[in-house]
Amino acid sequence: MGLLSRFCVAALDLGTANTLIYVQGRGLVLNQASMVTLRESNGSVEAVGQEARSVVGRTPPSLRIARPILRGTIADLSVCGSMLRHFIAKARENLLFPRLHMAVAVPGHSTAVERLAVIESLRDADVTSILLIDNVLAAAYGGSMDVDEPRGRMIADFGAGVSEAAVLSLSGVVCSRSLAIGGDEMDAAIADYMQNRYHLLIGDRMAEEIKIRVGSALPLTEPLKTTAKGRCLIQGIPRDVIVEDGEIREALAGPVSHIVRLTRETLEQAPPELSADIVESGIVLTGGTALLRNLDRRIEKECGVPVMVDPNPLESVVTGLARMSKNLRRNHWRRFGNTV
Ligand SMILES: Nc1ncnc2c1ncn2[C@@H]1O[C@H](COP(=O)(O)OP(=O)(O)OP(=O)(O)O)[C@@H](O)[C@H]1O
Ligand SMILES: [Mg+2]
């Protein structure tokens, strides 16, 4: 038994919208919004995670909602550090092991500075050592894809801030592409549409709800409608507007086509032997945005290969990290200078 196995191994998916922590032997222990409520006067933390998310758009001027991760990278190191300290303390509750080894997913195309920011944000979070793992590789392991074989496999992770697509073989990334476009961009596109078409100002939460209720990437067999609640920019009063799936599809056309193009371009980059394998095995979509209605069918149509959505797209990265880190040896982990 290696020395590491006596310690506690955990996995962290630090996403633009959601942060998940998985602890070996205990499973998924934390699934929270990547949000913090701060007091404007002194920057003190008032609420973290779902609690902060529940007050989005409803805060008085004395409070501010911060999203420390934007487009998949840390935008505010100090707020991110506070958020992670809180989350990790919660994840450690009732944990016997004093030493925590944490595997963290990072976007494949993140820079050295962005990776360093992830390490720094965990410095005071009571973590002994960390290991950064490519997000798409983790997602593939989480989706139980057979990536250890010398065969081409393709995965695309569409999150809130980043979309990534990769071709994998022999447990490695052969080629990949990423784009800072995801669910957030779609929400913004819906808010813009409502403003331009109906002079209706809607909040971020409302835009996301509309996307989830009626959003799609291709026409639906059953038409859908929903009510958009906001403030009329002409009369200045609250107003409800009924919107249909076709209108929202039109609003989402830009971000959807960017994501589809990214997937297609990644497939085009694959060496011929591997693309022949992908024609058979297909492309697996994961990440919350993969749940957009008919996005799988749209990609299938434009890429000409079978496409399926991971059955657990919001958790695949963290479960994949946990699977990968199970068998790692001690020298794979990077220790914090004075924490051991
Ligand atoms: N049913 C749905 N239809 C469309 N979008 C959805 C659905 N459910 C969740 N989403 C979107 O998925 C996104 C969150 O996905 P996920 O948790 O994978 O992102 P993340 O990991 O936090 O972000 P990133 O990986 O980009 O940093 C949000 O934009 C959310 O609105
Ligand atoms: Mg993600």
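The notes below deal with the structure included here. Position numbers for residues start from 1 in each chain and track the written sequence from start to end. To read the labels, note that chains go from A and ligands from 1, taken in the order they are written. Local features in a predicted model are, by the rule used here, given only for residues with pLDDT of at least 70; side-chain atom pairs are given and counted only at 80 or more, and totals for whole chains, interfaces and linings are based on all residues. Based on all heavy atoms of the structure, the side-chain values leave hydrogens and waters out of the count.

**Section: the pairing of strand β3 (residues 27-33)**
Across a regular strand the side chains alternate sides, sitting on one face of the sheet and then on the other. For strand β2 (residues 18-23) and β3, the ladder comprises 6 bridges, and the chain directions are antiparallel. Note that in β3 the partner of I21 across the bridge is L30. A strand pair is defined by DSSP finding two or more bridges across the two strands. Helix and strand assignments follow DSSP, with helices taken as H or I runs no shorter than four residues and strands as E runs no shorter than two, numbered in order from the N terminus. In this antiparallel pair of consecutive strands, β2 and β3, the connection spans 3 residues, and G25 shows a positive phi of 90 degrees.

**Observations regarding helix α5 (residues 183-198)**
What a helix should span is 1.5 Å times the count of its residues minus one. Between its first and last C-alpha, α5 extends 22 Å over 16 residues, near the 22 Å set by a 1.5 Å rise per residue. The buried label goes to any residue with under 20% of its type's maximum accessible area, the exposed label to any with over 50%, and the partly exposed label to all in between, with areas taken from a 1.4 Å probe on protein chains only. If you check which residues of α5 are buried, you get G183, M186, D187, A189, I190, A191, Y193, M194 and Y198. In this analysis, two residues are considered to be in contact whenever any of their non-hydrogen atoms come within 4.5 Å of each other. Buried residues belonging to α5 abut β14 (200-201), α6 (204-214), β15 (225-232), β16 (238-244) and α7 (245-269).

**Remarks on the layout of surface pockets**
One way to see where empty space is left: roll a probe the size of a water molecule over the atoms. Only protein atoms enter the 1 Å grid, on which a cavity is a set of points fitting a 1.4 Å probe that cannot get out and a pocket is an open set with protein on both sides within 12 Å along at least 5 of 7 lines, lining residues being those with an atom within 4 Å of a point. Grid points are joined across faces, edges and corners, and a volume is the space filled by probe spheres set on the points. Considered as a void within the structure, the second largest pocket measures approximately 290 Å³ in volume. What lines the second largest pocket is V56, G57, R58, G203, D204, R205, M206, E209, R213 and K229. Amino acids outside the nonpolar list (Ala, Val, Leu, Ile, Met, Phe, Trp, Tyr, Cys, Pro) and the charged list (Asp, Glu, Lys, Arg) are all regarded as polar, and Gly is one of them. Residues belonging to the lining of the second largest pocket are distributed by class as follows: 2 nonpolar, 2 polar and 6 charged. Boundary definitions for the domains trace back to an automatic or database domain assignment. When residues of the lining of the second largest pocket are sorted by domain, at least three fall in each of domain 1 (3-138 + 316-335) and domain 3 (183-252).

**Some remarks on the nonpolar core**
The criterion is simple. A nonpolar core is a set of buried Ala, Val, Leu, Ile, Met, Phe, Trp, Tyr and Cys residues joined through side-chain atoms within 4.5 Å. Counting 43 residues, the largest nonpolar core has I190, M194, I202, I210, I283 and I299 as the members making the most contacts within it. With 8 residues, the top contributor of residues to this core is α7. Both domains that furnish three or more residues to this core are identified here as domain 2 (146-181 + 258-309) and domain 3 (183-252). Each residue touching I190, except ones within four places of it in the same chain, is listed here: I202, A207, I210, K211, I248, A251 and L252. In terms of nonpolar packing, the next biggest core, distinct from the first, is built from 32 residues, C80, L95, V104 and L122 among them.

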